[in-house]
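So the chains spell out like this:
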Amino acid sequence: MQYHGFLMKRYIFRRLIPYAAVLAVAFGVFSLISVLAVMEGFKEEMRGRIRGSLSHITVFSRFSTSLIGSGELVERLLELEHVVAAAPYVEGVAMYRANSITPCEVRGVDILAEAEVGDFAHYLLRDSEIEMLLKDDTAALPDERDPLTTEEITSIFSRERRAHKDQLNSVFGEEREEGFRVLPQPIVVGIEALRRNTRIGDQIELQSFSPRTLEARVQSFIVVGSFQTGVFEQDQGWMFIPLQAAVSFFDLFDEEELDDRVSGVSVRLDDYRNVDKVRETIREEVIPYLAHPEVVVRTWEDQRRNLLRAVDIEKRIISVMMMLIVLFAGVMIFLILTLMVIEKTRDLGVLRSLGATRGGVISLFLRQGMALTMLGIVLGSIAGVILVHNINPLHDAIYRATGLRLFPPDVYYLAKIPTKMRVSDWGVVLIPAVVFGFLGSLIPALWAARQDPIKALHHE
Amino acid sequence: MSDLQAAEFRPATPDDLPEDPRPIVLEARGISRHYQLADSKLEVLRGIDLVVREGEMVSVMGMSGVGKSTLLNIIGLLDTASSGTVIYHLEDGPVEASGLNEQRRAELRNNHIGFVFQFYHLLPDVSVIDNIILPAMIRRSSAHFRREKAEITDRARGLLDRVGLAGRETQSPGTLSGGERQRVAIARALMNQPRLLLCDEPTGNLDARTSDTMHKLFLDLNERYRTTFLFVTHDPSLARRAEVQKVMIDGRFEDITLEEAIDWRIREDAAE
Ligand SMILES: Nc1ncnc2c1ncn2[C@@H]1O[C@H](COP(=O)(O)OP(=O)(O)OP(=O)(O)O)[C@@H](O)[C@H]1O
Ligand SMILES: [Mg+2]
């Protein structure tokens, strides 16, 4: 009815206080949108990195490092549809002594095959890049960089490089005195380990136990290169050695079976989206026919479920906290409308005597509340979208002005703050805003309609 | 006092003339109203009969607390009687109020009943002209209103002129004097061309002089535009000007004239 819009203008839009509720809604929506966009961008980024540093699927032994017949398994896997590469790997935990004793996760891989099953070629670093990253802790690699070529990868692990230890050292300006009798195996350590514990050309000693014989194993390796996956834990704790070096370090040759025991086989698919389908195929069509079928199939998401869930839960917790702002906005609408009902009780009596229905009064207040909510949502959304689209220039400007980095790039190696707006995140923002706004208006509206017009007319 | 004597005493009123040609607007039959208090029943109205004809002016006088406002609220469909019926005679036939839902009662209030209160009850945030237009807004959807806005505004201006406040359209009610506010309230009550104007002590808050001009306005509206009035008042000079004069004692209309009632009250006051 005409009087709704007419009175609405006079009751709320010509006063100052209702705009506080608009601001509260806008602020809630704005915070939710920008926080969710950054969290989601960050999550995507993490997923991408983890996905790259782990292969799409791994088939591994049910018992630690005892997959026998990996050669046969690789062949069978390569026959499957969607599978483009497969390679055996060994993984084991070791301690290494550099400055101090540090645990690490040793990954023995077939150097070239590993570049095919994962993003090995993408995160392995060139000498010049290592130098740059070591010079400045906040430096990050450019977004687009060419993956290392096969030659570059082989040269990092090459016998010549190890033999010219002096040359390796001279590249990084340090002369080492001790010599060596046997040419040690090469090892590639994460950039964080290189920043803290060791240097290129260093000889480090790994200590572990053989999972086969359960005997202690000690072996020296020479640090020949480094990598950066972008996941801090991996860049700190992972170490790559050639598969054969791992077999010998962990003493994995099985005399009875006349085969190396490995931990598992990594598989890469043509398209990551086929991961569930291929997992089922492997379970049903490959595993039952193996000589040693005691294996498990996992997707990378299965393997990193906890980390991914942690990021997801973090996002959810923050959304709930941010929703408190929206809830607060709903409470503000409730308070403002309730005060208005009290202030305008006589007007309500007059309106009823002039022929307004109860429903009309409900509608009058609901509209006011929803108008405040909607205005807040629109303003908040616009502000949120603007912020999300300009977050990096803004961040840079803040850094230049105050020297403060809100988002230090060295923690996550992100040169830019990643953002991503998902349709479902908009739902997470808009639905609570509308629901809280509606509830905040409905209660005063019902209360206003319940007022007895006769008593209302006598209200002072 | 016998019926015969009473008939001699009383000047003839339209009620006594069954052949009165004017159509009936309102008919109230056996209205009673009680309030349930904590441990007792407060009987306020005890069977009121009332007929109001088109163009008539009816006044109701009575002591404070006798139930005049209660009666007006029941007739104005803001309250419901404990028993008895209120019937409105509209163009398309009689409508019995007790059988109506809230929606229909609101419609009746909007279309056929105009209220004038002792404390004016204008909306303070709304200009004079918009206060008058308000009943027209309540009736219409926004689109409907926009289409007829020009006529509605013209009519409101005309009403403002009729109550003697031409040119005050954009003033805020807060800046008007009491008498002026009551004029605006009357104009608002007339906006939707109601069948009946219900006034509860319309001059109760005004000084004698202003009251007097207000009385003249009522008479003028009644004579020139045949506006039908039912008003409750404590002001004998206004009550006397009404065509039909009712006196309420103890929840009933008592069969005494206004003059008797006034005499009686003066004597009571003197005895105190
Ligand atoms: N909601 C209620 N609950 C209980 N009693 C009520 C209620 N409303 C009115 N009354 C009582 O009904 C009686 C009549 O009230 P009413 O307002 O009709 O009197 P009135 O004749 O208009 O008086 P005045 O001339 O002072 O305005 C009073 O005694 C009042 O206390
Ligand atoms: Mg009263």
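Computed from a prediction, not measured in an experiment: that's the story for all the values here. (Residues numbered from 1 in each chain as written. Chains lettered and ligands numbered in written order. Predicted model: local features only at pLDDT ≥ 70, side-chain atom pairs only at ≥ 80, totals over all residues. Heavy atoms only, no water.)

## A look at the pattern of salt bridges
One side chain can pair with another of opposite charge once the charged atoms of both are near each other. Residues and elements named next belong to chain A. We count it as follows: When a carboxyl oxygen of Asp or Glu lies within 4 Å of a side-chain nitrogen of Lys or Arg, that pair is called a salt bridge. Where helices and strands are cited, they refer to DSSP runs of H or I of at least four residues and of E of at least two residues respectively, numbered from the N terminus. Any residue under 20% of the maximum accessible area for its type is buried, any over 50% is exposed, and the rest in between are partly exposed; the area is computed with a 1.4 Å probe on protein chains only.
By the definition in use, this model includes 42 salt bridges over all chains. When the shortest N-O distance is used, the salt bridge between Asp 276 and Arg 279 registers 2.9 Å. Note that Asp 276 and Arg 279 are positioned in helix α13 (residues 275-286) at a spacing of three residues, about one turn of the helix. Under the relative-accessibility criterion, Arg 279 is labelled buried at 15%. Overlapping salt bridges bring together Glu 40, Lys 43, Asp 312, Lys 315, Arg 422 and Asp 425 as one network.

## Brief notes about the sheet that holds strand β1 (residues 24-36) of chain B
Within a sheet, each strand pairs with its neighbour through backbone hydrogen bonds, oriented either parallel or antiparallel. Residue and element names in this part refer to chain B. Applicable threshold: Criterion used throughout: strands pair if DSSP finds at least two bridges between them. To define axes, lines are fitted to C-alpha atoms, for helices over the stretch in contact only, and angles between the resulting N-to-C directions are given on a 0 to 180 degree scale.
The four strands lie next to each other as β2-β1-β4-β5, forming an open sheet whose pairing is antiparallel. In this open sheet, the two strands that pair with only one neighbour each are β2 (41-53) and β5 (93-96). Direction aside, the axes of adjacent strands within the sheet are offset by 20° on average. Here strand β4 (residues 83-90) pairs with β5 via four bridges, running antiparallel. From the neighbouring strand, Leu 90 faces β5, where its bridge partner is Gly 93.

## What about the packing of aromatic side chains?
Spelled out, the test is: The pairing test for Phe, Tyr and Trp rings, Trp by its six-membered ring, is centres within 6.5 Å, and the orientation test on the planes gives stacked under 30 degrees, edge-to-face over 60, and tilted for anything in between. Counting as a charge over the ring demands two things of the Lys NZ or Arg CZ atom: a distance within 6 Å of the ring centre and an angle within 35 degrees of the ring normal.
Under the criterion given, the structure shown has 14 aromatic pairs over all chains. Relative to Phe231(B), the ring of Phe218(B) has its centre 5.9 Å away and its plane inclined at 20°; by these criteria the two rings are stacked. You can see Phe218(B) sitting in helix α7 (residues 208-225) and its partner Phe231(B) sitting in strand β8 (residues 229-232), a full 13 residues away along the chain. Through pairs of rings, three or more aromatic residues link up here, namely Phe120(A), Tyr123(A), Phe227(A), Trp238(A) and Phe240(A). Over the face of the ring belonging to Phe6(A) we find Arg10(A), whose NZ or CZ atom lies 3.8 Å from the ring centre. A cation over a ring is seen here: Arg107(A) above Trp238(A), with NZ or CZ 4.4 Å from the ring centre.

## Considerations on the pairing of strand β9 (residues 244-249) of chain B
All names here are of chain B. Pairing of strand β3 (residues 57-62) with β9 involves five bridges; the strand directions are parallel. Directly across from Gly 62, in β9, lies its bridge partner Met 248. In terms of strand pairing, β9 meets strand β10 (residues 252-254) through three bridges, oriented antiparallel. Looking at the pairing, Ile 249 lines up with Arg 252 of β10.

## Here we look at the domain arrangement of chain A
As a reminder, the rule being used: Domain start and stop points were drawn from an automatic or database domain assignment.
The assigned domain composition of chain A is domain 1 (4-47 + 307-457) and domain 2 (55-300). Each of domain 1 of chain A and domain 2 of chain A has a C-alpha centre, and these two points are 50 Å apart.

## Regarding the interface of chain B and chain A
The criterion, for reference: Residues count as neighbours in contact if any of their non-hydrogen atoms are within 4.5 Å of one another. Buried area: the accessible area, evaluated with a 1.4 Å probe, that two parts lose upon being put together, summed over both parts. Between N or O atoms, a polar contact is any pair within 3.5 Å; within protein, one atom must be a potential hydrogen donor and the other a potential acceptor, and residues adjacent in sequence are included only when both atoms are from side chains. By the convention adopted, Pro, Cys, Tyr, Trp, Phe, Met, Ile, Leu, Val and Ala count as nonpolar, Lys, Arg, Asp and Glu as charged, and the other residues, Gly among them, as polar.
Contacts between the two partners involve 27 residues from chain B and, on the opposite side, 23 residues from chain A. Note on chain B versus chain A: buried area summed over both sides is about 2300 Å², and carbon and sulfur give 64% of it. The largest contributions to the chain B side of the interface with chain A come from His121(B), Asp125(B) and Ile138(B), which together make up 26% of the buried area. Joining chain B to chain A, the criterion identifies four salt bridges. Note that Glu102(B) and Arg352(A) form a salt bridge whose closest N and O atoms lie 3.3 Å from each other. For the interface between chain B and chain A, the tally reads nine residue pairs in polar contact (both at pLDDT 80 or more). Contributing elements (two or more residues each) for the side of chain B that touches chain A: α3 (102-112), α4 (128-139) and α5 (142-162) of chain B. Among the elements that line the side of chain B that touches chain A, the one with the most residues is α4(B), at six residues. Partitioned by chemical class, the residues of the side of chain B that touches chain A number 13 nonpolar, six polar and eight charged.

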